Every structure is written in structure tokens, then in C-alpha cells.
Amino acid sequence: MSWHSTDGAPMPLQQQQQRRYLLAVKNPQSLSSSPGVRRRDFWVAKKLLLSLLAASSAGLGPVTATHVRVAFGSCNKQDHDQGYWKVISERKPDIWLWGGDNIYGDTIGPLFPPHRKGTNILPPGVEEKSDETYSCIGGLLCFTSATPEHLRALYAFQNSSTAYQGLMNSVTKMLGIWDDHDMGVNDGDGRFKWLEESKQAMLDFLGDAPDSPRRTQNGVYMSWMTDAPKGQKIAFHLLDNRHNKSPYSDPDGDFLGEEQWAWFEKSLREAKDEAAVNVVLSGIQVYRPWPRGGEVWRRFPKAHQRLLKTLAESRVKGLILLSGDVHMAQLNGLQCGNTLIPELTSSGLTHSVRDLFFVAKWVVRWVLWIWPQDHLMAPTWLGRNFGELDIDIDDNGSAKVKGRIFSLHPGKFFGSPVIEQDFEGLSDGSLLDVSQCEPFQGREPKSSMYRRAGCSVIVLFAFLYFAFKAARRALRNLKQKRQAAKPKQT
């Protein structure tokens, strides 16, 4: 259904989105029937009427300066406090990058689902799309998927945030990709039932034009360059890790698909002589090892190696990776001879590892300690955060880049940088040999990991042993007290 203004002209897409959401608010039953949505009060409609629409991805104007500040973030729950956008606005970024999980459409549950022949994430060997609307991890922890209508309502609700609109109206350019929760299902891939419909809802949220190539291509990947002289531009290459992703049951799986690989190689070639800095945005981390939980490029070893080879042989200048997804912030690096390829991860705009309950929080810390951290260039920040790149390019095309992570977690570090690094030794256009690339700290021997794991087992058994003895002693003392009290009662 398309909307038209009173003079018969087609109504802009974002006005259509606003109109649909207002109708949903007037008819709460239509909104509350979507999975995981609570009935909104009337103030939502009033607030939405007063809010401004999100800035178009076409931008408020061309980015022409050779000093550019880029802010980015991921993992934003739209029903959490959105006041943090004011902190980002105070940094006065020129560009905002959405790194995925821009909203959370799916919801946890049911915990123990009834048997189903298939789900919207289909098991291997099932070709047709299923009518089921949830996916499960291990058959126990399940996520109810979001319908396209539900996603559109949540996107509109996110747009109703005055603080968010303040940033969108101040930046010159807003770009973005999606991840699994804003696609509509946890750990989603190319088998998702509403893949195309969810993509269109997301592109409407980002303000893509009706004739945007992303409307018809297989994915939301895109590239864009600042409007600066040749050799002084900043190129952005945004990858889609979801639309063409293989199921994890496929050991030779891929994240991008051949069409996107061909586009990515072409995008890098076109930026080789034009850009002094090349920013590659991935929804999931590139360097983080597997197994260690979560979704990372290394879960598909062949695709991971192909990505590193593509980057190393691209001959682009100033190569920097950005990523999200993991609800913490990290600065990792790959050293290829004298060339550094850094990866700055910002995840958890509204929630993070530090928001987990006590046991879960320390389990994450333990996992991070057990597995090698040889890519790390700075201590991991486990609180809420957003990322920033300050890029300065001189008339000769030489670039200086500083990466930062700012805390959004309540406390003394709120609004302050917790990770800050000048990126020196970035790629200069030379051909790199990926076989010579090593983690920033060098490769840690596996024996070190095994020693840490062994120490953890010893400490765990010692804790359980002393806890058991303490419990027995307490029960014995309690029994003695009861026996001593019996004659007195008589």
C-alpha cells in the first residue's frame, strides 16, 4: 500500500512510515499482536507527532572537509533509555555509522518450544520457507522472530526519540548496516522467512531512496566516499553479514555470498587511487578467535581467510576495520610486516556485559581470559560505549587517524574515552602478503591457553571442595545445636 498527499503526489517513504505507525498507535490491537510488543500509551503517538524524521542516508550535504569525525555504534534496544545520544551529539561528528542491531525486534521465548517440523531458520536439507516464527539454540533457548510490521513499528518508535533525532539532524551523513536482531531473528542467515521485507523496513529507517541499489540487490552492503580531491577522500565499505550468510552447520559456509564478494573487491579497487583512508564496517568481529562464544568471522575459516587475503591484496591506503555485536568494546590489530590493520569494535549502546547479572558477567571475563588475546592493542571495555574516528588528511594525501571508545556506562567514566589510540603504520597502498600477517602481540602458544584452563579447573574444584566442607560443617553445627536444645525444652 502506498500513501499520497492531498495533491495526489506520492508521499515520501519516511512520512508513509510515520503515518502507518500513527495508525497502529490509534489501533493498539494491531500493534500488540506483534511478538514481544507491549501496548503503547497515548503519549507515544503525541511524542511521535512532535519528533522529527530521521535524516536521509543521502545526507544533509556533501562531506567535503579533509578533517572528518566519524561516530559509530551498535546494539541499541529501542525501549531502553535513549538519552545517551546527547553525549554523542556533543562530540559533533560529521558522520554516524549504524553497525547493526540498530533495534531489537526478536524476543526471547518460548524456553521449551513444542516440537516443530521446521523454523524460520530452517534445518539443513529443508529448502522451502517455513511458516514457523522462531529459532532456537540447542533446542532450548528460543527467540521469537519479528514480523516486518513489527519491525516497522519499532523503527518508528526509535525515530520518536528526541535525543536520537538531535544527532541525526546534526550529522552530515548517516550510513548503516544490519545484524541479526534488526533483521528479525537471533543468529539469522539467508534462510530467514521475511528476509526481503525486513530489508525494506531497515532501508526505510535509514532513509534510502526508492531507487537505491540496496532496494534490489541481495543485501544491504554499500560503499560511499567523501567529496574531496582525488587521493584525499575517505571511503566507506559496509558489509552485510546476514543476507547471504550460510547456516553454521555448513563447515565451508560463507558470510557474504559471491555477488557481495565481487562487489567488495570492485569497491576496494575503485577506492585505491581515490581514498587516503578506507573504512570497512562489519557487523561481527573479524579478528576475535573461535571457539570463544558468539558470532565471529572465524566461525567460517575459509571465508575469514578470504577476507584477510582480499584486504591484504587490495592495495588500498589507510585500511581500518570497524565492527560491533559483542556488547563490549575492543581494539584489535593485525600486523603485516610494518603495516597495521586495526579493528575497533564498539558494541552496546544501551546494554553490555557489565549489565549482566553477577555470575554471567564473571563467566564472560573468564572466557576472555582463557582464550588467547594476542590481537588486543588495549584493555577490553565491558561497559556500554560508542566509537569514534578522527581523520585528518593533508594536501599530499597523508592521513592521521585516532580511534576512541567512549563510555556510556553510568559512573565516573561516563562520556569519557576509555580506549584511545593513534593508528600509526596504516596501509600505504603496498601489496601485503597475508601469510606474513600476525596478531598484534604475536601468536601465543596453545600451551599458554591450556595452562590457564588447567588453573581454572584446579581453582574451580578447590572452590567446590571447600564450599562442600563448609556446608557440612554448618549442617553439623546446626544439628548439634538442635540436640543441645532438646533437654531444655523438656
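Up top you'll find the structure we're talking about.
This report concerns the structure included in the present document.

Definitions and limits used
- Residues numbered from 1 in each chain as written.
- Predicted model: local features only at pLDDT ≥ 70, side-chain atom pairs only at ≥ 80, totals over all residues.
- Heavy atoms only, no water.
- Axes fitted to C-alpha atoms, helices over the stretch in contact; angles between N-to-C directions.
- Helix = DSSP H or I, 4+ residues; strand = E, 2+ residues; numbered from the N terminus.
- Parallel < 35°, antiparallel > 145°, perpendicular 65-115°, else oblique.
- Left-handed = near helix turned anticlockwise from the far one by under 90°.
- Contact = heavy atoms within 4.5 Å.
- Nonpolar A, V, L, I, M, F, W, Y, C, P; charged D, E, K, R; others polar.
- Pairing = 2+ DSSP bridges.
- Buried < 20%, exposed > 50% of the residue type's maximum accessible area, 1.4 Å probe, protein only.
- Core = buried A, V, L, I, M, F, W, Y, C linked by side-chain atoms within 4.5 Å.
- Salt bridge = Lys/Arg side-chain N within 4 Å of Asp/Glu carboxyl O.
- Patch = residues over 30% accessible without salt bridge, like charges linked within 9 Å, V, L, I, M, F, W, Y side chains within 5 Å.
- Areas by Shrake-Rupley, 256 points an atom, 1.4 Å probe, with all protein chains shown as cover.
- Disulfide = S-S within 2.5 Å.
- Lys, Arg positive; Asp, Glu negative; His and termini not counted.
- Charge placed at Lys NZ, Arg CZ, Asp CG, Glu CD.
- 1 Å grid on protein atoms, 1.4 Å probe; cavity = no way out; pocket = protein on both sides within 12 Å on 5 of 7 lines; lining within 4 Å.
- Points joined across faces, edges and corners; volume = space filled by probe spheres on them.
- Polar contact = N/O pair within 3.5 Å; in protein donor to acceptor, adjacent residues only side chain to side chain.

**Observations concerning the packing of helix H9 (residues 258–271) against helix H10 (residues 301–312)**
Step number 1: Where H9 meets H10, the axes come as close as 11 Å, and the angle between the chain directions of the two elements is 20°. When the interaxial angle is binned, H9 and H10 end up roughly parallel. Of the two possible hands of crossing, H9 and H10 adopt the one that is right-handed. Of the residues in H10, those touching H9 at Glu-258, Trp-261, Phe-264, Glu-265 and Leu-268 are Ala-303, Arg-306, Leu-307, Thr-310 and Leu-311.
Step number 2: Its residues assigned to classes, the contact of H9 with H10 comprises six nonpolar, one polar and three charged.

**Here we look at the sheet that holds strand E2 (residues 95–98)**
Step number 1: Taken in spatial order, the six strands of this open sheet run E6-E2-E1-E13-E14-E15, and their pairing is mixed. Every interior strand has two partners, whereas the edge strands, strand E6 (173–176) and strand E15 (417–423), have only one. The mean angle between the axes of side-by-side strands here comes to 15°, regardless of whether they run parallel or antiparallel.
Step number 2: In this fold helix H8 (residues 195–206) packs onto E2 and E6, with an angle of close to 165° to the strand it touches most, E6.

**Notes on unusual backbone geometry**
Step number 1: Phi angles above zero are rare outside glycine, and Arg-315 is one such case at about 65°.
Step number 2: Position of Arg-315 among the secondary structure elements: in the loop between H10 and strand E10 (319–323).
Step number 3: What makes Arg-315 partly exposed here is its relative accessible area of 40%.
Step number 4: Its identity as a non-glycine residue notwithstanding, His-327 has a phi of 60°, on the positive side.
Step number 5: For His-327, the location among the structural elements is in the loop between E10 and strand E11 (330–336).
Step number 6: Classification of His-327 as partly exposed rests on a relative accessible area of 24%.

**Regarding the nonpolar core**
Step number 1: Membership of the largest hydrophobic core comes to 68 residues, with the highest contact counts inside it found for Trp-85, Trp-96, Phe-236 and Leu-389.
Step number 2: For this core, the element with the highest residue contribution is H8, accounting for six residues.
Step number 3: In contact with Phe-236, other than residues within four places in its own chain, are Val-70, Ile-95, Leu-97, Leu-175, Met-222, Ser-223, Trp-224, Thr-226 and Val-279.
Step number 4: Leu-256, Trp-297, Ala-312 and Leu-321 belong to the second-largest nonpolar core, a separate cluster that totals 28 residues.

**Considering the pattern of salt bridges**
Step number 1: Applying the stated criterion to the full structure yields 24 salt bridges.
Step number 2: Put simply, Lys-245 and Asp-189 hold a salt bridge, and the shortest N to O gap is 4.0 Å. Highlighted residues: Lys-245 in the loop between strand E8 (233–238) and H9 and Asp-189 in the loop between helix H7 (180–183) and H8, separated in sequence by 56 residues. With respect to burial, Lys-245 and Asp-189 carry one shared label: buried.

**Digging into a nonpolar patch on the surface**
Step number 1: Together, Phe-357, Phe-358, Val-359, Trp-362 and Val-363 line one region of the surface with nonpolar side chains, adding up to about 590 Å² of accessible area.
Step number 2: Counting through the fold element by element, Phe-357 comes out in the loop between strand E12 (339–345) and helix H11 (358–370).

**A few points about the state of the cysteines**
Step number 1: Counting across every chain of the model gives one disulfide.
Step number 2: Between Cys-336 and Cys-437 runs a disulfide, and the two sulfur atoms are separated by 2.0 Å. Taking the sign of the S-S torsion, about 110° here, the bridge from Cys-336 to Cys-437 comes out right-handed. With a gap of 101 residues between them, Cys-336 in strand E11 and Cys-437 in strand E16 (residues 437–439) connect regions that are remote in the sequence.

**Notes on a positive patch on the surface**
Step number 1: Judged by side-chain charge, Lys-469, Arg-472, Arg-473 and Arg-476 come together as a positively charged surface patch.
Step number 2: By the secondary structure assignment, Arg-473 is in helix H12 (residues 446–489).
Step number 3: Given a relative accessible area of 43%, Arg-473 falls into the partly exposed group.

**Quick look at the layout of surface pockets**
Step number 1: Empty space within the second largest pocket amounts to approximately 560 Å³.
Step number 2: The wall of the second largest pocket is formed by 22 residues, among which Pro-289, Arg-298, Asp-374, His-375 and Arg-443 lie closest to the centre.
Step number 3: For the lining of the second largest pocket, the secondary structure elements donating two or more residues are H10, E16 and H12.
Step number 4: The biggest single contributor to the lining of the second largest pocket is H10, with four residues.
Step number 5: Residue composition of the lining of the second largest pocket, grouped by class: 13 nonpolar, four polar and five charged.

**Examining the side chain of Arg-69**
Step number 1: Note that Arg-69 resides in strand E1 (residues 67–73).
Step number 2: Of the polar contacts made by the side chain of Arg-69, one reaches the backbone oxygen of Arg-91; its length is 2.7 Å.
Step number 3: Reaching out from Arg-69, the side chain makes a polar contact with the side chain of Asp-390 at a distance of 2.7 Å.
Step number 4: Setting aside residues no more than four positions away along its own chain, Arg-69 makes contact with Arg-91, Lys-92, Pro-93, Asp-94, Ile-95, Glu-388, Leu-389, Asp-390 and Arg-404.

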